Amino acid sequence: MNLTKIFGLSRGVKCALDRSAHGSLFGNVNTQARCKSKLTRPKAIETNRYRKSEETIGLYGYCLLGIPIATFALGTWQIKRWRWKLDLIESLKQRTSAEPIDLPSDLNELKDKEYYRMKVKGKFLYEREFLIGPRSLILNGEAVSEKGGGIFSRKSGTGYYVITPFRLEDRDLTIMVNRGWIPRHDRSTFKMGNKITDTVEIIGIIRATEKRPQFMPDNAPAKGVWHYRDLDAMAKVTESEPIYIELLAEYGTPQGPIGGQTKVTLRNEHLSYIITWYSLSACTSYMWFRQFVQKLPLI
């Protein structure tokens, strides 16, 4: 009869009975070995297994785990940048396609009106005009150099913007107008082009001052050298207000500067960045799993 089933004897008591049944505590080596195996604690085995796993991964393995985590975080950050760029492109599109506004009586209202179209009427003051550049030619809101040439070669796509003061008819105020782009070889003769001397109504896109681009030299107003748009310094030299508009293409001078020099397209490559970072995260996660998880010993 099986006593363990009847009385619910423990495993240790059962082993003692087995030893007694064989005549002596030291009489049967096989029985002792069997009892010793049964008395082994499974929890100790599990504890040793986990301790062995931690020792196998080590500090080096956990440091490498930071690679897939970091690339995943960068991919998530690029999603936010992608949404921000889409909103910026939509806002730019709405502003440049809105109805032209009139010059407000309070000029401070123009601070948040960049890329809006503004309508003014007056006369150009050609004796004070100057050049900004070198700059790339812009056609249909995109730089020719970024299109890869087109009807203009890359060499001919480099030139200068012609900035001319514009005195308003209805108020004692002078602003600055970017009349358009001229090629580099016309730099010395740009003042000899066709000019409109009568009062004219024009529409241009409002632009704010521009920070000096990286690696670009500083402006030299005393020498008449301008590399970037500094409205305060330009207004001081031309005796005008720091208000600057870029003439629309349809208001350009015939056989004169090419108008429409406002870049209205923005590069949006964040989607490719998202795919790149998430792909790197997935690949490095799989490599880490193969190296530090699948190769771990069971015990």
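Definitions and cut-offs
Within every chain, residues take consecutive numbers counted from 1 along the sequence as written. Restriction of local features to residues with pLDDT of at least 70 applies here, the model being predicted, together with a cutoff of 80 or more for giving and counting side-chain atom pairs; totals for whole chains, interfaces and linings are based on all residues. With hydrogens and water stripped out, all remaining heavy atoms of the structure feed into the side-chain values. UniProt positions are given in the numbering used here, feature names are shortened, and annotations may be inferred rather than shown by experiment. Note on geometry: axes are C-alpha line fits, over the in-contact stretch for helices, and angles between N-to-C directions span 0 to 180 degrees. Numbering goes from the N terminus for both helices and strands, where a helix is a DSSP run of H or I of at least four residues and a strand is a run of E of at least two. Under this scheme an angle from 65 to 115 degrees is roughly perpendicular, one under 35 degrees roughly parallel, and one over 145 degrees roughly antiparallel; angles in between are oblique. The handedness criterion is simple: a crossing whose near helix is rotated anticlockwise from the far helix by less than a right angle is left-handed, and one whose near helix is rotated clockwise is right-handed. Contacts: residue pairs with any heavy atoms within 4.5 Å of one another. As a working rule, the residues Ala, Val, Leu, Ile, Met, Phe, Trp, Tyr, Cys and Pro are called nonpolar, Asp, Glu, Lys and Arg charged, and the rest polar, with Gly in that last group. A pair of strands counts as paired when DSSP detects no fewer than two bridges linking them. For the purposes of these results, a polar contact is taken to be a pair of N or O atoms within 3.5 Å, where, inside protein, one atom must be able to donate a hydrogen and its partner to accept one; residues adjacent in sequence count only when each atom of the pair is a side-chain atom. The patches reported here contain residues having more than 30% relative accessible area and no salt bridge. Joining distances are 9 Å for like charges and 5 Å for nonpolar side chains (Val, Leu, Ile, Met, Phe, Trp, Tyr). Reported accessibility uses the Shrake-Rupley method at a 1.4 Å probe radius. Residues are deemed covered only where the shown protein chains occlude them. Salt bridges, as used here, are contacts in which a Lys or Arg side-chain nitrogen is within 4 Å of a carboxyl oxygen on Asp or Glu. Only protein atoms enter the 1 Å grid, on which a cavity is a set of points fitting a 1.4 Å probe that cannot get out and a pocket is an open set with protein on both sides within 12 Å along at least 5 of 7 lines, lining residues being those with an atom within 4 Å of a point. Grid points are joined across faces, edges and corners, and a volume is the space filled by probe spheres set on the points. An automatic or database domain assignment supplies the residue ranges for each domain. Stacked, tilted and edge-to-face pairs are distinguished by plane angle, under 30 degrees for stacked and over 60 for edge-to-face with tilted covering the rest, among Phe, Tyr and Trp rings (Trp via its six-membered ring) whose centres lie within 6.5 Å. To sort residues, take the accessible area from a 1.4 Å probe on protein chains only and compare it with the maximum for the residue type: under 20% means buried, over 50% means exposed, and anything in between is partly exposed. In our convention, an over-ring charge means Lys NZ or Arg CZ found within 6 Å of a ring centre and within 35 degrees of that ring's normal.

Per an unreviewed UniProt entry, the protein goes by the name SURF1-like protein and belongs to Temnothorax curvispinosus. Looking at the protein in UniProt, the text filed under Function (unreviewed entry) is "Probably involved in the biogenesis of the COX complex." Note on the protein: under the UniProt heading Sequence similarities (unreviewed entry), the record states "Belongs to the SURF1 family."

1. Digging into the packing of helix 5 (residues 66-97) against helix 8 (residues 270-292)
At their nearest, the axes of helix 5 and helix 8 sit 8 Å apart, and the two run at 165° to each other. With respect to each other, helix 5 and helix 8 are oriented roughly antiparallel. For helix 5 against helix 8, the interelement crossing comes out left-handed. The residues of helix 8 that touch helix 5, namely those facing I67, P68, T71, F72, L74, G75, T76, Q78, I79, R81, W82 and K85, are H270, L271, Y273, I274, W277, Y278, L280, S281, T284 and S285. In terms of residue class, the contact of helix 5 with helix 8 is made up of twelve nonpolar, eight polar and two charged.

2. A short note on the UniProt feature "transmembrane region" (unreviewed entry) in the protein
When the UniProt feature table is mapped onto this chain numbering, "transmembrane region" (unreviewed entry) sits at residues 57-77. Helix makes up 95% of residues 57-77 and strand 0%, and the two end C-alpha atoms of the span are 29 Å apart.

3. Observations concerning the pairing of strand 2 (residues 117-124)
Direction of pairing for strand 1 (residues 101-102) relative to strand 2: parallel, over a ladder of two bridges. Residue pairing for strand 2: D102 is matched across the bridge by K119. For strand 2 and strand 8 (residues 200-207), the ladder comprises six bridges, and the chain directions are antiparallel. The partner of M118 across the bridge, within strand 8, is G204. Judged from the three bridges that link them, strand 2 and strand 6 (residues 158-168) form a sheet pairing that is antiparallel. Of the residues in strand 6, the one forming a bridge with G122 is L168.

4. Details of the environment of S97
Position of S97 relative to the elements: it lies in helix 5. Considering only alpha carbons, one finds S97 and Y115, 18 residues apart in sequence, at a separation of 9.4 Å. At a separation of 3.3 Å, a polar atom in the side chain of S97 contacts the main-chain carbonyl oxygen of Q94.

5. Structural notes on a nonpolar patch on the surface
Taken together, the side chains of W84, L88 and L266 define a hydrophobic patch exposed on the protein surface, amounting to about 260 Å² of accessible area. Along the polypeptide, L266 turns up in the loop between strand 9 (244-247) and helix 8.

6. As for the layout of surface pockets
Roughly 480 Å³ of internal volume is contained in the largest pocket. In terms of lining residues, the largest pocket is bounded by 18 residues, among which R135, R207, E210, R229 and K263 are the most central. Among the residues forming the lining of the largest pocket, the class breakdown is six nonpolar, four polar and eight charged. Formed jointly, the lining of the largest pocket draws a minimum of three residues from each of two domains, domain 1 (57-115 + 265-298) and domain 2 (116-146 + 164-263).

7. Some remarks on the packing of aromatic side chains
A full pass over the atoms with the stated rule returns six aromatic pairs. On the numbers, 5.7 Å between centres and 40° between planes, the contact of F124 with Y126 is tilted. For Y126, a relative accessible area of 8% puts it in the buried group. Members of the aromatic cluster, connected to one another through ring pairs, are Y60, W288 and F292. Here the basic side chain of K113 rests over the ring of Y116, its NZ or CZ set 5.2 Å away from the ring centre. In this structure, R179 packs its charged tip against the face of F124, placed 5.9 Å from the ring centre.

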